[in-house]
Amino acid sequence: NRGCVANLALEVIKTQGEGQEPIVVHCLAAVGRTSVFATVYDQVRKWKRGEKIDVRKCVEEQRSYETGRYYKMLESPEQYHFCYETLERITNLSQ
């Protein structure tokens, strides 16, 4: 549910404040749901700092061996679509 993911991302960011401490996110395989949340969370933080939302770049960084977390982040078009729709929902809520 896009609303739940949006609310969770906003709540985690609100609770975390300006801190840069990492958070731990994990689902059963750590691919689908985890990567969707990690992408949405990362992009909302950037958006709140006035930076451009760039899901593709975010996923490329998450997949990289140097800076990334996991090479299978966001595998399906549906997962990308879910991220974009969730981010659209968040950015429209604050306008």
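Residues numbered from 1 in each chain as written. Predicted model: local features only at pLDDT ≥ 70, side-chain atom pairs only at ≥ 80, totals over all residues. Heavy atoms only, no water.

Participant: Could you clarify how one ought to interpret the packing of helix 1 (residues 2-16) against helix 2 (residues 32-48) in this entry?
Facilitator: How two helices pack is summed up by the angle between their axes together with the distance between the axes. Look at helix 1 against helix 2: their axes get within 10 Å of each other, and the N-to-C directions meet at 55°. Classified by the angle between their axes, helix 1 and helix 2 sit oblique to one another. Helix 1 and helix 2 meet at a crossing whose hand is right-handed. From helix 1, Val5, Leu8, Ala9, Leu10, Val12, Ile13 and Gln16 reach across to helix 2, where they touch Phe37, Val40, Tyr41, Val44, Arg45 and Lys48. Within the contact of helix 1 with helix 2, the residues separate by chemical class into 10 nonpolar, one polar and two charged. (Axes fitted to C-alpha atoms, helices over the stretch in contact; angles between N-to-C directions. Helix = DSSP H or I, 4+ residues; strand = E, 2+ residues; numbered from the N terminus. Parallel < 35°, antiparallel > 145°, perpendicular 65-115°, else oblique. Left-handed = near helix turned anticlockwise from the far one by under 90°. Contact = heavy atoms within 4.5 Å. Nonpolar A, V, L, I, M, F, W, Y, C, P; charged D, E, K, R; others polar.)

Participant: What exactly am I supposed to notice about the nonpolar core here?
Facilitator: A general tendency of soluble globular proteins is for nonpolar side chains to be buried together. Core analysis: the largest hydrophobic core is formed by 17 residues, its most contacted members being Val36, Phe37, Val40, Val44 and Leu74. Discounting chain neighbours no more than four positions away, the residues touching Val44 are Leu10, Ile13, Leu87 and Ile90. (Core = buried A, V, L, I, M, F, W, Y, C linked by side-chain atoms within 4.5 Å. Buried < 20%, exposed > 50% of the residue type's maximum accessible area, 1.4 Å probe, protein only.)

Participant: Got a minute to help me understand helix 1 in this structure?
Facilitator: In an α-helix, one turn spans 3.6 residues; hence positions three or four apart end up facing the same way. Helix length check: helix 1 (15 residues) gives 21 Å between terminal C-alpha atoms against 21 Å at 1.5 Å per residue, within 8%. What helix 1 keeps buried is the set Gly3, Val5, Ala6, Ala9, Val12, Ile13 and Gln16. Capping the start of helix 1, Asn1 holds a side-chain oxygen 2.8 Å from the backbone nitrogen of Gly3, two or three residues further along. Directly after helix 1, the chain includes Gly17, whose backbone phi takes a positive value near 70°. (Expected span 1.5 Å × (residues − 1). Polar contact = N/O pair within 3.5 Å; in protein donor to acceptor, adjacent residues only side chain to side chain.)

Participant: What should I look at first to understand the state of the cysteines in this one?
Facilitator: Every disulfide links exactly two cysteines, by a covalent bond between their sulfur atoms. Per the counting criterion, the structure on display carries zero disulfides. Cys83 carries a free sulfur, and the closest cysteine sulfur to it, the one in Cys58, is 8.0 Å from it. Cys83 gets classed as buried once you look at its relative accessible area, which sits at 0%. (Disulfide = S-S within 2.5 Å.)

Participant: Hey, could you run me through the side chain of Thr86 in this one?
Facilitator: Inspection of the secondary structure puts Thr86 in helix 4 (residues 77-93). Residue classification places Thr86 among the buried residues on the basis of a relative accessible area of 0%. In this structure, Thr86 is in contact with Arg2, Val5, Ala6 and Val40, ignoring residues within four places of it in sequence.

Participant: What is the right way to read the packing of helix 2 against helix 3 (residues 55-63) from this model?
Facilitator: Relative orientation of the contacting elements helix 2 and helix 3 amounts to 120°, with a least axis distance of 10 Å. Here helix 3 runs oblique to helix 2, going by the angle between their axes. For the crossing formed where helix 2 meets helix 3, the hand is right-handed. Mapping the contact onto sequence places Ser35, Ala38, Thr39, Asp42, Gln43 and Lys46 in helix 2 and Val55, Cys58, Val59, Glu61 and Gln62 in helix 3. When the residues that make up the contact of helix 2 with helix 3 are grouped by side-chain class, the tally is four nonpolar, four polar and three charged.

Read these as spatial facts, not as claims about activity.
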